[in-house]
Amino acid sequence: MLSRSGRPLAQAIFGPIARLCVRAGISADAVTITGTVAVVACALILYPLGHPVWASWIIGITVIFDSLDGQIARLTGTASRWGAFLDSTLDRLADSAIFCGILLWITRWNIGATAGLTDWLALACLAALPAALCTSYARARAEAVGFTANVGISERADRLVIVLLGALITGYGASAWVLLVALGYLAVAGWITVAQRMVTVYRQSRAEHGAGERVGQGSGQ
């Protein structure tokens, strides 16, 4: 939801930055790769080392610039299917690193031990990760076979905001319940979104099949 509603604002805010990057000769692919490397490094180093506040802030600031590569590509006329593939693939890598880093933080530092929540936190994180990946894959696969699946209550921007806020607030000393609620919501909402997208594609497939049958019947008259 945030990814759709926030796109015009992101274009207005980062448009000038994108133009500066173009003048500096920075390509869209370079921005995509650099941002992913920064997110993966922060997630897999800072979270496990017990620095969730720094990790969440740095990752949050980095992903805010997520639309920058697309704007650079449009300004330079270099938008391509390769760029879209690279961006989508590296987004999955970054998302996986964030959840894995938080899982390592939970287990290594025994987050939630005082409330007996460590195992529940780890379970929620393990459930949220495949939900996030399947959500993205369902949309990509739908588009690959000619359908659309841009629906659901949990898109990438929503996931990132919720998981980073949960880790940030917990890192500042709040109860581990905050992180558990965040991860639990992402797990449930993620799988609901997967189901929503499957139903949407199924309906499109059935409608297409029905339309094909009607055309065939009409041509036989």
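In this text, all values refer to a predicted model and were calculated from it rather than measured experimentally.

1. Quick look at the layout of surface pockets
One number sums up the size of the second largest pocket: a volume of about 280 Å³. Along the walls of the second largest pocket sit 17 residues, with V31, G35, T36, T62 and F65 positioned nearest its centre. Where the lining of the second largest pocket is concerned, the elements lending two or more residues are α3 (28–45), α4 (52–64), α5 (68–76) and α6 (81–108). Here the element with the most residues in the lining of the second largest pocket is α3; it accounts for six residues. Each residue belonging to the lining of the second largest pocket can be placed in one class, and the counts come to seven nonpolar, five polar and five charged.

2. Observations regarding unusual backbone geometry
The backbone phi angle of N110 is positive, close to 55 degrees, even though this residue is not glycine. Mapped onto the elements of the fold, N110 is located in the loop between α6 and α7 (118–144). Taking the relative accessible area as the measure of exposure, N110 reaches 42% and is therefore partly exposed.

3. Brief notes about the state of the cysteines
Taken as a whole, this structure holds zero disulfides when the rule is applied. Summary of cysteine pairing: C21 is not part of a disulfide, and the nearest cysteine sulfur, belonging to C42, is at 19 Å. Among the cysteines around C125, which has no disulfide bond, C100 carries the closest sulfur, lying 7.5 Å off.

4. Notes on the packing of aromatic side chains
Aromatic ring pairs are defined here through the distance separating the ring centres and the angle between the ring planes. Applying the stated rule across the entire model yields two aromatic pairs. Measuring from centroid to centroid gives 5.9 Å for W82 and F85, while their planes differ by 40 degrees, and the two rings are tilted. In this pair, W82 and F85 are both assigned in helix α6, three residues apart and thus about one turn of the helix distant. On the basis of relative accessibility, which here comes to 48%, the residue W82 falls in the partly exposed class.

5. With respect to the UniProt feature "transmembrane region" (unreviewed entry) in the protein
Under the present numbering, the feature "transmembrane region" (unreviewed entry) in UniProt falls on residues 159–192. Regarding residues 159–192, the helix share stands at 88% and the strand share at 0%, and the terminal C-alpha atoms are separated by 13 Å.

6. Notes on the UniProt feature "binding site: Mg(2+) 2" (unreviewed entry) in the protein
Mapped onto the present numbering, the UniProt feature "binding site: Mg(2+) 2" (unreviewed entry) falls on D66, D87 and D91. Despite a sequence span of 26 residues, these residues sit close together in the fold, their greatest C-alpha distance being 9.2 Å. Among the residues just listed, D66, D87 and D91 line the second largest pocket. In this view, D87 contacts T32, D66 and D69; residues no more than four positions away in its chain are not counted. Tracing the sequence through the fold places D91 in helix α6. D91 has contacts with D66 and R156, leaving out every residue within four places of it along the chain.

How each quantity is defined
- Residues numbered from 1 in each chain as written.
- Predicted model: local features only at pLDDT ≥ 70, side-chain atom pairs only at ≥ 80, totals over all residues.
- Heavy atoms only, no water.
- 1 Å grid on protein atoms, 1.4 Å probe; cavity = no way out; pocket = protein on both sides within 12 Å on 5 of 7 lines; lining within 4 Å.
- Points joined across faces, edges and corners; volume = space filled by probe spheres on them.
- Helix = DSSP H or I, 4+ residues; strand = E, 2+ residues; numbered from the N terminus.
- Nonpolar A, V, L, I, M, F, W, Y, C, P; charged D, E, K, R; others polar.
- Buried < 20%, exposed > 50% of the residue type's maximum accessible area, 1.4 Å probe, protein only.
- Disulfide = S-S within 2.5 Å.
- Phe/Tyr/Trp six-rings, centres within 6.5 Å; stacked < 30°, edge-to-face > 60°.
- UniProt positions renumbered as here; feature names shortened; annotations may be inferred.
- Contact = heavy atoms within 4.5 Å.

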